[in-house]
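Geometric and topological summary
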Amino acid sequence: PGIYVGGDDPTTATALQLVAFGLRCVATSTPSEDVVRLVLWKDDVISIGFDGPPLPIEPMARFANDVPHPALYDVVMAPMVPGGSRRTVGVAMTNALSERMMVVTRHDDVAYCARFRRGCIAALLTRFEPREILARSWITFRPDPAVVLGAVGIDDMRGIVAEIARDASGVSLEIVDRSA
């Protein structure tokens, strides 16, 4: 994990490194996002929302026995997919290092959600009624404590967001603390 998200020990990563990596990839991707929002929830659950192009949900399988909506699964599970972006790398690495992850994207004001567990599909893409809309698309995840150490604190994230903001000109970065 440390090889992918940075750090001295290639066998482990910290939750802070994982969130910083995912956030940086999303905020500096091309095409650029308008707003990137980090939400810290209780129990080490984190959301990264992004208001840019929605995640792809093309319904057609590419070949027999393929899952429907393969473009979405490429974004979430294949960091080096042809035509991918930094956003693809950040989302795929976050998925791989998360105990569980939910991906939500909105098309024409309809939300769709897919669920993942330790990098694998847990529930295929379906229509979804979110309690709250965090962005045009967002991922909500809990880092896998078996490979990602520690927790993410709001104070640590403020410094990281300020650093990422310097590299992501034109992108508004927001932090929302709902950990209490």
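Data block above holds the structure.
A few points on the structure. These numbers come from a predicted model, not from an experiment.

**Describing the overall build of the chain**
When helices and strands are tallied, the chain shows five helices and nine strands. Along the chain, helices (α) and strands (β) appear in the sequence α-β-α-β-β-α-α-β-β-β-β-β-α-β when read from the amino end. A burial count over the chain gives 47% of its 180 residues as buried.

**What about unusual backbone geometry?**
In this chain, threonine 30 is followed by proline 31 through a cis amide linkage whose omega measures 0 degrees. Note that proline 31 resides in the loop between α2 (15-27) and β2 (35-41). The phi dihedral of aspartate 43 is positive, around 60 degrees, even though this residue is not glycine. Mapping aspartate 43 onto the fold places it in the loop between β2 and β3 (46-51).

**Topic: the pairing of strand β4 (residues 98-107)**
The element β4 is largely enclosed, with a buried count of eight among its 10 residues. Where β4 lies against strand β7 (residues 137-143), seven bridges are found, and the strand directions are antiparallel. Paired with methionine 101 across the strands is phenylalanine 141, a residue of β7. In terms of strand pairing, β4 meets strand β5 (residues 110-117) through eight bridges, oriented antiparallel. From the neighbouring strand, arginine 100 faces β5, where its bridge partner is arginine 117.

**What to know about the sheet that holds β2**
One open sheet accounts for seven strands, arranged β6-β5-β4-β7-β3-β2-β9; its pairing is mixed. Strands with a single pairing partner mark the edges of an open sheet, and in this sheet they are β6 (120-128) and β9 (172-178). When the angles between neighbouring strand axes are averaged without regard to direction, this sheet yields 15 degrees. Of the strands in this sheet, β2, β3, β4, β7 and β9 are in contact with α2, which crosses β3 at around 5 degrees.

**Details of helix α5 (residues 154-167)**
For α5, which comprises 14 residues, the first-to-last C-alpha distance of 20 Å matches the rise-based estimate of 20 Å (1.5 Å per residue) to within 8%. Buried within α5 are the following residues: Ile154, Met157, Ile160, Val161 and Ile164. Mapping the buried residues of α5 onto a view down its axis gives an arc of 115 degrees, with all of them on the same face. Exposed and oriented more than 90 degrees from the buried face of α5 are Asp155 and Arg166. For α5, the elements touching its buried residues are α2, β2 and β9.

**Re the pattern of salt bridges**
Counting across every chain of the model gives 12 salt bridges. Between glutamate 99 and arginine 118 there is a salt bridge; the shortest N-O distance is 3.8 Å. Taken together, the residues glutamate 99 in strand β4 and arginine 118 in the loop between β5 and β6 connect sequence positions 19 residues apart. Residue glutamate 99 is classed as buried on the basis of its relative accessible area of 14%. Given the relative accessible area of 41%, arginine 118 is considered partly exposed. One salt-bridge network, in which partners are shared between bridges, spans Glu99, Arg100, Arg118, Arg142 and Asp144.

**Things to note about helix α3 (residues 70-77)**
In terms of burial, α3 is a largely internal element, six of the eight residues being buried. Those residues of α3 lying buried are Pro70, Leu72, Tyr73, Asp74, Val75 and Val76. Residues of α3 that are buried in the fold lie against α4 (86-96), β4, β5 and β6.

**Digging into the nonpolar core**
Judged by nonpolar contacts, the single largest core of 39 residues is most densely connected at Leu23, Val36, Ile48, Met157 and Leu173. Secondary-structure elements contributing two or more residues to this core are α2, β2, β3, α3, β4, β5, β7 and α5. Among residues more than four places away in sequence, those in contact with isoleucine 48 are Val19, Gly22, Leu23, Val26, Val36, Arg37, Leu38, Ser137, Trp138, Ile139 and Phe141.

Definitions and cut-offs
- Residues numbered from 1 in each chain as written.
- Predicted model: local features only at pLDDT ≥ 70, side-chain atom pairs only at ≥ 80, totals over all residues.
- Heavy atoms only, no water.
- Helix = DSSP H or I, 4+ residues; strand = E, 2+ residues; numbered from the N terminus.
- Buried < 20%, exposed > 50% of the residue type's maximum accessible area, 1.4 Å probe, protein only.
- Pairing = 2+ DSSP bridges.
- Axes fitted to C-alpha atoms, helices over the stretch in contact; angles between N-to-C directions.
- Contact = heavy atoms within 4.5 Å.
- Expected span 1.5 Å × (residues − 1).
- Arc of directions from axis to C-beta.
- Salt bridge = Lys/Arg side-chain N within 4 Å of Asp/Glu carboxyl O.
- Core = buried A, V, L, I, M, F, W, Y, C linked by side-chain atoms within 4.5 Å.

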